[in-house]
Amino acid sequence: MRLALISLLFLILPLHLTAESLDLPLNEGRTELDPYIEYIEDENSNLTIQELMQSAPDWQPNTNQAFNKSYNDSSWWLRLHITNPDQGDIKRLIEISYAVLDYVDVYIVSDGKVQDSYHLGDKHAYHQRVIDHRFFIIPVQWKSHQSLQIYLRIKSSSAVQAPMVMWDEQTFYGFDTTRTILQGIFFGTMLVMATYNLFIFFVLGERTYLLYVGYVLCMPLFLASLGGYAFKYLWPTLTEWNDRAIIVFLAGVVVFGAAFTRKFLLVSHYAPRLDHLLRVSFYGGVTLVLCAFILPYHYNIIAIIVWASLACILALVTGAACWRGGLSTAKYYTIAWTAMLFGGLVLALNKANILPANLFTEYATHIGSSLEVVLLSFALAERINIERRLRYEAQEQTLITTRRINEELESRVQERTQELEALTQQLRDLSNTDQLTGLCNRRHLESSFYDEWERAKRYQRDIAVIMIDIDHFKTVNDTHGHLVGDDCLQEVARRIQEGVRWPSDLAARFGGEEFCILLPETGLRGALIVAERIRNLVAATPVTTRSHSLSITISAGVYSLVPSEEKSIDQTLNFADKALYQAKDQGRNQVFSERAA
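So, how was this worked out
- Residues numbered from 1 in each chain as written.
- Predicted model: local features only at pLDDT ≥ 70, side-chain atom pairs only at ≥ 80, totals over all residues.
- Heavy atoms only, no water.
- Salt bridge = Lys/Arg side-chain N within 4 Å of Asp/Glu carboxyl O.
- Helix = DSSP H or I, 4+ residues; strand = E, 2+ residues; numbered from the N terminus.
- Pairing = 2+ DSSP bridges.
- Axes fitted to C-alpha atoms, helices over the stretch in contact; angles between N-to-C directions.
- Contact = heavy atoms within 4.5 Å.
- 1 Å grid on protein atoms, 1.4 Å probe; cavity = no way out; pocket = protein on both sides within 12 Å on 5 of 7 lines; lining within 4 Å.
- Points joined across faces, edges and corners; volume = space filled by probe spheres on them.
- Nonpolar A, V, L, I, M, F, W, Y, C, P; charged D, E, K, R; others polar.
- Phe/Tyr/Trp six-rings, centres within 6.5 Å; stacked < 30°, edge-to-face > 60°.
- Lys NZ or Arg CZ within 6 Å of the ring centre and 35° of its normal.
- Expected span 1.5 Å × (residues − 1).

Some remarks on the pattern of salt bridges
A side chain of one charge can pair with a side chain of the opposite charge when the charged atoms of the two come close. Counting across every chain of the model gives 26 salt bridges. A salt bridge links E521 to R455; its shortest N-O distance comes to 3.1 Å. Taken together, the positions of E521 in the loop between β16 (514-520) and α15 (524-540) and R455 in helix α12 (residues 442-459) put the pair 66 residues apart, joining distant regions of the chain. The salt bridge partner of R494 is E491, with a shortest N-O separation of 2.6 Å.

Some details on the sheet that holds strand β13 (residues 164-167)
Spatially, the four strands line up as an open sheet ordered β2-β13-β7-β10, and their pairing is antiparallel. Looking at strand neighbours, the two that pair on one side only are β2 (30-32) and β10 (136-142), the edges of this open sheet. Taken over all neighbouring pairs, the strand axes of this sheet differ in orientation by 25° on average, direction set aside. Pairing between strand β7 (residues 90-96) and β13: four bridges, direction antiparallel. Of the residues in β13, the one forming a bridge with L93 is W167. Contacts between helix α3 (residues 169-204) and the sheet are confined to β7, β10 and β13, with β7 contributing the most and set at about 35° to the helix.

Some details on the layout of surface pockets
Each pocket or cavity is described by its volume, and for the second largest pocket that value is around 290 Å³. What lines the second largest pocket is a set of 13 residues, and nearest its centre among them are R179, L182, Q183, Y363 and H366. Contributing elements (two or more residues each) for the lining of the second largest pocket: α3 and α11 (359-432). Ranked by residue count, the leading element in the lining of the second largest pocket is α3, at eight residues. Split into classes, the residues belonging to the lining of the second largest pocket amount to seven nonpolar, five polar and one charged.

Let's talk about the packing of aromatic side chains
Tallying each qualifying case throughout the model produces 24 aromatic pairs. Centre to centre, the rings of W167 and F175 are 4.9 Å apart; their planes meet at 25°, and the pair counts as stacked. Through a chain of ring-to-ring contacts, three or more aromatic side chains come together here, namely W167, F172, Y173 and F175. The aromatic ring of F135 is capped on one face by R134, whose charged end is 4.0 Å from the ring centroid. Over the ring of F510 we find R442; its NZ or CZ atom is 3.9 Å from the centre of that ring.

Describing helix α9 (residues 297-324)
With 28 residues, α9 extends 40 Å from end C-alpha to end C-alpha; this agrees with the ideal 40 Å at 1.5 Å per step. Positive phi appears at G326, one or two residues downstream of α9, with a value of about 110°.

Next comes the structure, spelled out in structure tokens:
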């Protein structure tokens, strides 16, 4: 019984391990072919289609997931059995939606003979494709009740993947149009963001925006190379460069991403240790760019996927560290890089045959990078706002500081001006004052006399002059000495100053023991009153000197007039001086006037 069960198991098992034949679904526009695929591995890449048809190799059934054997050097043969159960002819398109396969040889076999063959792959120039499309599209036609075997030989230095779908033509082109529009939106968004930030760079001159532009441009170019758009539209004949472009642009994402991260997050300030790792990431990316032109693609692609994954993790950790360190814009960066890291990891796991090939895994990087670019744009905008706010605050603080400095400077200038004015006044007073008596000197008298003369002449007002001389002053000097004489001069000057009427009256030492008083707006009568008052002040009380008291008297001559063109200052002084000598001739200690002619 046990032997019978084991035998039955061995008979049934191959039936379950063999992919079933597919009858064409007539009313369905799209059919997944993954469950109907059988495959074998050709490690030495020496099998031919004739050998496969003549021999009976051990074909392995594929699972419900897309055929995916990751990175290897083998050739892989795939086989499909599809039958037309209908009475009429049927046309279908078989799509292999992985654009970077190097070689895809297709053989359509009917009744043991090769009916059609196509040699596809990105190692052939783009124009050699049977249908103009970025993916590999195989046209297949069945006659009534015809059964076809479709053989595919796949060999590639990239990941060996063959997600296969059979389409009705109308359904395919409708779906592909929608897919192309979505891709166009993605690439257009990236181009707009790159252009916008490039414009900001030209306006502000901030290198961060240029690094961001480099990153934004490398990402869509990498995805365009991976998705077949670049080979179709940018370099359809450059088959060798098409492989290298994937490495170069993905490494460019790492290079510009690391440089942008260091500059944007101020990593050297907020996370110095991570800054060193970002430098390593940057130079590692540059090295991989160079290696893309030296080493085989198989080694480069594995290295760049690992390096880019580590760089994404490092960028995320750096953003979190700077966010924790207090940098407000780091939160947008961290969230953005989380989206990018998620998409990148999904793509890497898909290429490593850990995740199945489907619409989500194929476009995870597009979704993640789109979210990242949008969020990083928010972060840059936030940075602009922060910088603008800081600039306004700095300008405001500068204005406050400048205002305070100006006020302090103005205050100091005012103080200095006042000091200078006081000093100037002191110098003026010193230059205009007789040092012994404290009265104005003769030079100041003459200057003031001229001003008052011109004013009185203009307005036809009186002006008077009093000339005063100390009686017998020479005898005082000869008898008591010059120091006693100086005491007498000082006391007489003090009493003269006391005897004038108004601040506008100007008393000056005219020379020796002689004094002169200028009286603006004063007629002869008023001048005589002033002169008499001064004479009485001097004569009333003896002058106390350093040795003993002395009785001192003065003589005064008064002259008053209304200035005119026919008269002069010198004449006025001469008349006053003449009146003074008349007072002395009349016996001294009296006031004498000289009337105007």
